[in-house]
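# Structural characterization, general
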Amino acid sequence: MNWEALGAIGEIVGAVAVVITIAYLAVQIRQNSRSLRAAAYQDAVRSANDWSSLLVRDPELYALFSRGIGDYSSMSEEELGRFSHLLYMGMRNYQVAERLAGEDLISDDISEAYEATFGAIFKSPKMLEWLRGSEGYVSSDVLEKIRDRVAAAQAAEPDRP
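Here we summarise the structure given alongside this text. This one's a predicted model, so the numbers in the text were calculated from it and none came from an experiment.

Within the secondary structure layout, Y114 lies in helix α4 (residues 108–117). When near neighbours in sequence (up to four residues on either side) are disregarded, Y114 contacts A44, S47, A48, N93, Y94 and A97.

The structure is reproduced here in structure tokens:
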């Protein structure tokens, strides 16, 4: 065997090694992407569940929430502050879910779950009024989506007081 033949064999072995390495990296990247999506999905679900569990575990907070989405104008300053912070926390979770869905890190079903969670809020006749003071707490693009969803939910139930 001469040096040229050995060189050719070396080039073939090198090319095969490069192809194997690229295939291995592709598999690793795919697995990493799946792991990132799964973690983002779990975090979004956990955030929604944590927010909902606040209301479920605390009857006083649930009563405050119910009163707030019905007629927050009758609330004291302290109650309005607690109600607003509760909604801001939920809306930020909603914002994160919207961003993750927009980046294809989670499926749209999480956004739909947030919409179902916020269904009562979106249908509240007072929500558009409350949202006017929400600039800065939620990004403007997500706030606009929320406003659109509130308007659509309220339009679907025109006879609601």
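The rest of the description comes next.
Further remarks concern the pattern of salt bridges. A pair can form between side chains of opposite charge whenever their charged atoms are brought close. The full count for this structure, using the stated rule, is four salt bridges. Where D43 meets R46, a salt bridge forms, and the shortest distance between an N and an O atom there is 2.8 Å. Here D43 and its partner R46 are both found in helix α1 (residues 3–57), three residues apart, which amounts to about one turn of the helix. Under the relative-accessibility criterion, R46 is labelled partly exposed at 44%. Here E79 ties to R67 by a salt bridge, and the two come within 2.9 Å at their closest N and O atoms. Here the residue E79 occupies a position in helix α3 (residues 77–102), and R67 occupies one in helix α2 (residues 59–71), the gap between them amounting to 12 residues. Judged by its relative accessible area of 23%, E79 is partly exposed. Taking relative accessible area as the criterion, R67 reaches 35% and is therefore assigned partly exposed.

Core analysis: the largest hydrophobic core is formed by 33 residues, its most contacted members being F65, F83 and I121. Secondary-structure elements contributing two or more residues to this core are α1, α2, α3, α4, α6 (127–131) and α7 (140–156). With nine residues, the single largest contributor to this core is α3. I121 has contacts with W51, F65, I69, L87, M91 and M127, leaving out every residue within four places of it along the chain.

Per the counting criterion, the structure on display carries two aromatic pairs. Centroid distance Y62 to F65: 6.4 Å. Interplanar angle 45 degrees. Geometry classified as tilted. Of this pair, Y62 and F65 both sit in helix α2, separated by three residues, roughly a single helical turn. By relative accessible area, which is 46% here, Y62 ends up partly exposed. On the accessibility criterion, F65 (7% relative accessible area) is buried.

Moving on: α2. Here α2 contains 13 residues, and its C-alpha end-to-end distance of 18 Å stays within 8% of the 18 Å for a straight helix at 1.5 Å per residue. Of the residues making up α2, those classed as buried are L61, L64, F65, G68 and I69. Taken end-on, α2 shows its buried residues confined to a sector of 125 degrees, consistent with a single buried face. Opposite its buried face, α2 presents the exposed residues P59 and E60, each directed more than 90 degrees away. The N-cap of α2, judged by a side-chain oxygen 3.1 Å from the amide nitrogen of E60 a few residues on, is D58.

What counts, and at which threshold
- Residues numbered from 1 in each chain as written.
- Predicted model: local features only at pLDDT ≥ 70, side-chain atom pairs only at ≥ 80, totals over all residues.
- Heavy atoms only, no water.
- Helix = DSSP H or I, 4+ residues; strand = E, 2+ residues; numbered from the N terminus.
- Contact = heavy atoms within 4.5 Å.
- Salt bridge = Lys/Arg side-chain N within 4 Å of Asp/Glu carboxyl O.
- Buried < 20%, exposed > 50% of the residue type's maximum accessible area, 1.4 Å probe, protein only.
- Core = buried A, V, L, I, M, F, W, Y, C linked by side-chain atoms within 4.5 Å.
- Phe/Tyr/Trp six-rings, centres within 6.5 Å; stacked < 30°, edge-to-face > 60°.
- Expected span 1.5 Å × (residues − 1).
- Arc of directions from axis to C-beta.
- Polar contact = N/O pair within 3.5 Å; in protein donor to acceptor, adjacent residues only side chain to side chain.

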